[in-house]
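# A structural walkthrough
Okay, here's what each chain looks like letter by letter:
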Amino acid sequence: MVSDVKDVRNEWVVQITGKVQARPEGTVNANLPTGGIEMVECQLTVLNAAESPPFPIDARADDVDEGVRLKFRYLDIRRERMQKNLRIRAKVNSAIRGAMEVQNFVEVETPFLMPSTPEGAREFLVPSRKEPGSFYALPQSPQLWKQLLMVAGIDRYYQIARCLRDEDLRADRQYEFMQLDAEMSFVTKDDVLAAISQAVVAAAEAALGQTPPPIEQITWHDAMNRFGSDKPDLRFGMELIELTDVFAATEFKAFATAKSIKGLRVDAATYPEAAASGRSKLDAFTDRAKQMGAKGLVWIKVGDDLALDSPVAKFLSDTERAALLQQMQAKSGDLLLLVADEWSTSCEVLGHLRNDIGRPPVHEGPYRYVWVIDFPLFVGINATTGKPQPGHHPFCQPHPDDIERLETDPMSVRALAYDLVLNGWELGSGSIRIHDPEMQRRVFRQLGISDEDADRRFGFFLQPFKYGAPPHGGFAFGTDRLVAILAGEENIREVIAFPKTQSGSDPMTNAPTPVDPAQLNELGIRLLPPPAKS
RNA sequence: GGUCCCGUGGUGAAGUUGGAGUUCACGCCGCCCUGUCAAGGCGGAGGUCGCGGGUUCGAGUCCCGUCGGGACCGCCA
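To start, this report covers the structure provided alongside it. Bear in mind that the values here come from a model prediction, so they are computed numbers and not experimental data. (Residues numbered from 1 in each chain as written. Chains lettered and ligands numbered in written order. Predicted model: local features only at pLDDT ≥ 70, side-chain atom pairs only at ≥ 80, totals over all residues. Heavy atoms only, no water.)

Our focus in this paragraph is the packing of helix 9 (residues 279–291) against helix 11 (residues 343–358). In the contact formed by helix 9 and helix 11, the axes pass within 9 Å of each other and the chain directions differ by 135 degrees. As the angle between them shows, helix 9 and helix 11 are arranged oblique. Once helix 9 is placed against helix 11, the crossing between them reads as right-handed. Contacts between helix 9 and helix 11 involve Phe285, Arg288 and Ala289 from the first element and Val349, His352, Leu353, Asp356 and Ile357 from the second. Its residues placed into classes, the contact of helix 9 with helix 11 shows five nonpolar, one polar and two charged. (Axes fitted to C-alpha atoms, helices over the stretch in contact; angles between N-to-C directions. Helix = DSSP H or I, 4+ residues; strand = E, 2+ residues; numbered from the N terminus. Parallel < 35°, antiparallel > 145°, perpendicular 65-115°, else oblique. Left-handed = near helix turned anticlockwise from the far one by under 90°. Contact = heavy atoms within 4.5 Å. Nonpolar A, V, L, I, M, F, W, Y, C, P; charged D, E, K, R; others polar.)

In structure tokens:
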């Protein structure tokens, strides 16, 4: 080394010129990308010295407190893991664009500043300087705009759009997230699924170098009934088992009054630890079940000779015991979990327990994409109005086979609405939209929205449809989630360059921060005193 | 809004029935050595145990509160 530089340390920025040559025998390091070569006759210039970083810039930092990693995100991103993730992200974005372009979709950018539309997710508001007291909202999604683009004759629109929702953050939710947003005119549901599938497959291919098999489909009802979730993770079995008939004549009160009884068999061979759960773990399962809305959880341990060990065993007849074991194909050592409730509650509760117990880590197992189709048009009854609530949003086209029941049996009506699910993560959803004003009125009526209400709340949206709106439908899926799964990450923060913490702050910039009173003055905003703490 | 978990030198951890800021690894600083590449040897510095209060003769340890981080429920039409 020819240089007057005294030493060089980690993270210093240096420029080295010299001769590259093969390493002498015995000094080759196969573990390094550059392990076969070395530089000699070097001239080294220190371009910038560096303080020692707060954590090692390598895989060891995976264990460092995430708050510290976020505070020094620019160092965290130097690490191979983050470099890899951000590069996968770029490839996915690029592949999606390519797939949409090939299909003749037109990329259109839509506004960030728009009117507040309080339906749906809580919005971020932006005060107007020119009209103090008035506010813009940041888009929860470009839904409004893309449907207007259909009216406007952009018959295949797409955008990789940033969406903002002021709702509590999770491992798979950030305030800001990216969606492939698309809308098409003159299409069927299958046309939309095909177009989006092409983009997803292209993205997966770009990220992983292998083409996933064609995306399978499952109806919403089957997904709920078999997996207890509208976003089923198909990487593992443990399907819910129908037990309502088994206990049709039972004297056990909790079962006798229930509309639906479902069971989950925790197989001792596959999940020995969970199947052998002790009292505290069983209590935790029960708490979880209650948290999810069940009145309780019945656990039954299957002992040697298929004897049943359970607090409720004494209430079950021999016939019921035999039928239960038969129906659940239970073996010694298994743990059986039963929920008796409304069908949807039984399914959902056991679906959560199924995930808690059986779900493999994100980076494990195959990639199981699935279209969940035929979502119900309405889900649940609004406690205040006593009217059905939209399952997705009030603009979904009802399933043509069910339209005749819209007034007579609304809760049984399916929608032309669909979700895309990957390994138990909801990637996104879409629907065929209502383009016929009369149909829209019928749906609104079911929701308890009068024509006047509709005009007042959605007029700016519905008015354009009077000028010749083509039949249309679309979809949007979250690319952060897709990239996270393809990168094997449990958390979308790992695939976002500068994410927020769960409380919505940024440890690096300290956002959100108070602002200068002068700024508030200009916006005509006065702050309330902070809420009193008792 | 709620439930649960975590917080100990720069980083990661251990810390026993409550008994001196004790320990380990990495990093950092200095010296030595060196065909090394997450090197090796010797020495050294570095901590308000998140913060506040309480119990106690005595608190990293127990209790209450609070702040920060995380997982989840609600929420996300």
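Having seen the structure, we can now continue with the description.
The next subject is the pattern of salt bridges. The tally for this structure, following the rule as stated, stands at 40 salt bridges. For Arg481, the salt bridge identified is with Asp172, shortest N-O distance 3.7 Å. Note that Arg481 is positioned in helix 14 (residues 479–486) and Asp172 in the loop between strand 6 (156–164) and strand 7 (176–185), a separation of 309 residues in sequence. Among the ionic contacts, a cluster of salt bridges with common partners joins Asp62, Arg69, Arg73, Asp76, Arg79, Arg81, Glu489 and Glu494. (Salt bridge = Lys/Arg side-chain N within 4 Å of Asp/Glu carboxyl O.)

This paragraph deals with the sheet that holds strand 13 (residues 335–341). Overall, antiparallel pairing links the five strands, which are arranged 9-10-13-11-12 in an open sheet. Lying at the two open borders of the sheet, with one neighbouring strand each, are strand 9 (241–242) and strand 12 (308–309). Sheet topology note: the strand 11 (residues 298–302)/strand 12 ladder contains two bridges and is antiparallel. The partner of Lys301 across the bridge, within strand 12, is Asp309. Docked against the sheet, helix 9 engages strand 11 and strand 13, running at close to 145 degrees with respect to strand 11. In the packing of helix 11 onto the sheet, the strands contacted are strand 10 (260–266) and strand 13, and the crossing angle to strand 10 comes to about 10 degrees. (Pairing = 2+ DSSP bridges.)

Let us look at the pairing of strand 10. The buried fraction of strand 10 amounts to seven of the seven residues, a majority that puts the element mostly inside the structure. Burial along strand 10 is two-sided: the residues Ser260, Lys262, Leu264 and Val266 and Ile261, Gly263 and Arg265 are all buried. In the sheet, strand 9 pairs with strand 10 via two bridges, with the strands oriented antiparallel. Across the sheet, residue Ile241 finds its bridge partner in strand 10, namely Gly263. Two elements, strand 10 and strand 13, share seven bridges in a ladder whose sense is antiparallel. Residue pairing for strand 13: Val266 is matched across the bridge by Leu335. (Buried < 20%, exposed > 50% of the residue type's maximum accessible area, 1.4 Å probe, protein only.)

Turning our attention to the protein's contact with RNA strand B. Around RNA strand B, the surrounding shell holds 40 residues, and the nearest of these are Arg23, Glu38, Arg60, Arg170 and His392. Take the atoms of RNA strand B that sit within 4 Å of the protein: sugar and phosphate atoms are 54% of them. Pro54 has a polar backbone atom sitting 2.8 Å from a sugar or linking oxygen of RNA strand B. Contact distances for RNA strand B include 3.1 Å between a phosphate oxygen and a side-chain N or O atom of Arg493. Tallied by class, the residues present in the surface near RNA strand B amount to eight nonpolar, 15 polar and 17 charged. (Near = heavy atom within 4 Å. Polar contact = N/O pair within 3.5 Å; in protein donor to acceptor, adjacent residues only side chain to side chain.)

Before going further, it helps to spend a moment on the sheet that holds strand 7. If you walk across this open sheet you meet the eight strands as 3-6-7-19-18-17-14-8, and the pairing is mixed. Where the open sheet ends on each side, the last strands, each with one partner, are strand 3 (106–107) and strand 8 (216–219). Bridging between strand 8 and strand 14 (residues 369–373) involves four bridges; their strand directions are parallel. Opposite Ile218, over in strand 14, you have Val372 as the bridge partner. In the packing of helix 3 (residues 80–102) onto the sheet, the strands contacted are strand 3, strand 6, strand 7 and strand 19 (472–478), and the crossing angle to strand 6 comes to about 150 degrees. Across the sheet, helix 6 (residues 220–227) touches strand 8 and strand 14, and the angle it forms with strand 8 is around 80 degrees.

The next subject is the packing of aromatic side chains. For the coordinates displayed, the defined rule picks out 15 aromatic pairs. Aromatic side chains Trp220 and Trp343 sit 5.8 Å apart centroid to centroid with 65 degrees between the ring planes, which places their arrangement in the edge-to-face category. Note that Trp220 is positioned in helix 6 and Trp343 in helix 11, a separation of 123 residues in sequence. Using a relative accessible area of 24% as the deciding quantity, one classes Trp343 as partly exposed. Between the aromatic rings of Phe395 and Phe461, the centroid separation amounts to 4.8 Å while the plane-to-plane angle is 65 degrees, which identifies the pairing as edge-to-face. (Phe/Tyr/Trp six-rings, centres within 6.5 Å; stacked < 30°, edge-to-face > 60°.)

Let us now look at helix 9. An ideal rise of 1.5 Å per residue puts 18 Å on 13 residues; helix 9 measures up with 18 Å between its terminal C-alpha atoms. When helix 9 is considered as a whole, its buried residues turn out to be Leu282, Phe285, Thr286 and Ala289. Around the axis of helix 9, the buried residues are gathered within 100 degrees of arc, so they sit on the same side. Exposed side of helix 9, more than 90 degrees from the buried face: Ser280, Asp287 and Gln291 are the residues found there. Looking at the buried side of helix 9, the elements it contacts are strand 11, strand 13 and helix 11. Just downstream of helix 9 lies Gly293, where phi reads positive at about 105 degrees. (Expected span 1.5 Å × (residues − 1). Arc of directions from axis to C-beta.)

Looking at the element boundaries, His399 is found in the loop between strand 16 (388–390) and strand 17 (417–422). Leaving out residues up to four positions away in the same chain, His399 has contacts with Asp374, Arg414, Ala415 and Leu416.

So, about helix 10 (residues 318–328). Inspection of helix 10 places Glu320, Leu324, Leu325 and Met328 among the buried residues, and these make up the whole buried set. Taken around the axis of helix 10, the buried residues stretch over an arc of 130 degrees, which confines them to a single face. Residues of helix 10 that are exposed and point more than 90 degrees away from the buried face comprise Asp318, Thr319 and Gln326. Buried positions along helix 10 lie against strand 9, strand 10, strand 11, strand 12 and strand 13. Phi turns positive, to about 50 degrees, at Gln329, one or two residues after helix 10.

Judged by side-chain polarity, Ile16, Val20, Ile37 and Met39 come together as a nonpolar surface patch covering roughly 330 Å² of accessible area. Looking at the nonpolar patch, the elements with two or more residues in it are strand 1 (13–22) and strand 2 (37–48). With respect to the helices and strands, Met39 occurs in strand 2. (Patch = residues over 30% accessible without salt bridge, like charges linked within 9 Å, V, L, I, M, F, W, Y side chains within 5 Å. Areas by Shrake-Rupley, 256 points an atom, 1.4 Å probe, with all protein chains shown as cover.)

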